[in-house]
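Structural description and commentary
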Amino acid sequence: MSENCSHNCGSCSSDCASRKPADLLVPPNEHSKIKKVIAVVSGKGGVGKSMVTSSMAVLTNRLGKNTAILDADITGPSIPKSFGMTEKAYGTKQGMLPCQTKKGIKVMSVNLLLDNETDPVVWRGPIIAETVKQFWKDVIWGDVEYMFIDMPPGTGDVPLTVFQSIAIDGIIIVTSPQELVGMIVDKAVKMAEMMNVPILGIVENLSYFVCPHCDELHKIFGESNIDAIAMRHNIPVVCKLPIDPSIAARCDRGETEELEGEWLNPLVSYLENI
């Protein structure tokens, strides 16, 4: 134990002898039975983390699995819009009820509780973190085989709360090919290691662009070094996703469940083996 220990484990990520990680775990709602929980994280914003989260949920749903998304990106929630969801979540005496996409994926997001989806969430960190815990313990998720948690970027309050409070089976790190990515991935990996959370793999988004006229492959952000980074940490690279305006257009129109393409194949194979 450090001489400067405040004895407040809820605000500390140190792994000391007095720490009892299991004591910090929060059980889900008594009417929920959740088998696998996978958090999707990124060290920085703008790399397509929510798109990857949504795609993974769509693919597991297509495999016939009961699937859910907990949108932990409280101040930047985009999951409902990507699925074209307009209904609002509501509560009962037993707990809150998640909304469902057209094809049955259960979703809970702060945007499903706001009167207007463009209203900003201007809350301090502790309130945001507590809201994420409520989405876990107060929502009646029912039977869920795969839950994906769409995390906010970085290593702040919400990731710390999720890693300490929820029994995570593993994380997927989403990144992009810029040179600065090595440092960002290192930060995400080190936080996961500090919290004893398994790292399942890395998804590189915005990896390349295929010209629709000549089929030539262009690496807009330069040569990727993700394979070397993954090897350094002994983490598999799940797949490298292209820059494809049609993907973004579908998500903007709320048609994420209609996504198709060869780029999805590696994700399908990977999810079948988790």
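Residues numbered from 1 in each chain as written. Predicted model: local features only at pLDDT ≥ 70, side-chain atom pairs only at ≥ 80, totals over all residues. Heavy atoms only, no water.

1. Describing the nonpolar core
Membership of the largest hydrophobic core comes to 79 residues, with the highest contact counts inside it found for Ile 149, Phe 163 and Ile 168. Phe 163 has contacts with Val 41, Met 151, Ile 168, Ile 171, Met 191, Met 195 and Val 197, leaving out every residue within four places of it along the chain. (Core = buried A, V, L, I, M, F, W, Y, C linked by side-chain atoms within 4.5 Å. Buried < 20%, exposed > 50% of the residue type's maximum accessible area, 1.4 Å probe, protein only. Contact = heavy atoms within 4.5 Å.)

2. Let's talk about the pairing of strand 7 (residues 143-150)
The buried fraction of strand 7 amounts to six of the eight residues, a majority that puts the element mostly inside the structure. The pairing of strand 1 (residues 33-41) with strand 7 spans seven bridges and is parallel. Residue pairing for strand 7: Val 40 is matched across the bridge by Asp 150. As paired elements, strand 2 (residues 67-71) and strand 7 share five bridges and run parallel to each other. In the sheet register, Asp 71 faces strand 7, and the bridge partner there is Asp 150. (Helix = DSSP H or I, 4+ residues; strand = E, 2+ residues; numbered from the N terminus. Pairing = 2+ DSSP bridges.)

3. Digging into the packing of aromatic side chains
Taken as a whole, this structure holds one aromatic pair when the rule is applied. Measuring from centroid to centroid gives 6.4 Å for Tyr 146 and Phe 148, while their planes differ by 10°, and the two rings are stacked. Under the relative-accessibility criterion, Tyr 146 is labelled buried at 7%. Accessibility expressed as a relative area gives 0% for Phe 148, which makes it buried. (Phe/Tyr/Trp six-rings, centres within 6.5 Å; stacked < 30°, edge-to-face > 60°.)

4. Considerations on the packing of helix 2 (residues 49-62) against helix 9 (residues 265-272)
Contact geometry of helix 2 with helix 9 gives a least axis separation of 10 Å together with a crossing angle of 65°. Considering how the two elements wind past one another, helix 2 and helix 9 form a crossing that is right-handed. Of the residues in helix 9, those in contact with Met 56, Leu 59 and Thr 60 of helix 2 are Leu 267, Val 268 and Leu 271. A breakdown of the residues in the contact of helix 2 with helix 9 according to their chemical character gives five nonpolar, one polar and no charged. (Axes fitted to C-alpha atoms, helices over the stretch in contact; angles between N-to-C directions. Left-handed = near helix turned anticlockwise from the far one by under 90°. Nonpolar A, V, L, I, M, F, W, Y, C, P; charged D, E, K, R; others polar.)

5. A short note on helix 5 (residues 157-165)
Most of helix 5 sits inside the fold, with eight of its nine residues counted as buried. Along helix 5, the residues classified as buried are Val 158, Pro 159, Leu 160, Thr 161, Val 162, Phe 163, Gln 164 and Ser 165.

6. Focus on the pattern of salt bridges
Applying the stated criterion across every chain yields a total of ten salt bridges. In this structure, Lys 49 and Asp 73 form a salt bridge, with 4.0 Å as the shortest nitrogen-oxygen distance. Taken as a pair, Lys 49 in helix 2 and Asp 73 in the loop between strand 2 and helix 3 (79-82) lie far apart in primary sequence, 24 residues in all. What makes Lys 49 buried here is its relative accessible area of 6%. The exposure class of Asp 73 is buried, given its relative accessible area of 10%. A salt bridge links Glu 130 to Lys 133, with the shortest nitrogen-to-oxygen separation between them at 3.9 Å. Residue Glu 130 and its partner Lys 133 are located together in helix 4 (residues 125-137), separated by three residues, close to a single helical turn. By relative accessible area, which is 24% here, Lys 133 ends up partly exposed. (Salt bridge = Lys/Arg side-chain N within 4 Å of Asp/Glu carboxyl O.)

7. So, helix 4
Between its first and last C-alpha atoms helix 4 spans 19 Å; for 13 residues at 1.5 Å apiece the expected length is 18 Å, and the two agree. Along helix 4, the residues that are buried comprise Ile 128, Ala 129, Thr 131, Val 132, Phe 135 and Trp 136. Mapping the buried residues of helix 4 onto a view down its axis gives an arc of 155°, with all of them on the same face. The elements touched by buried residues of helix 4 are strand 1, strand 2, strand 4 (96-97), strand 6 (106-108), strand 7 and helix 5. (Expected span 1.5 Å × (residues − 1). Arc of directions from axis to C-beta.)

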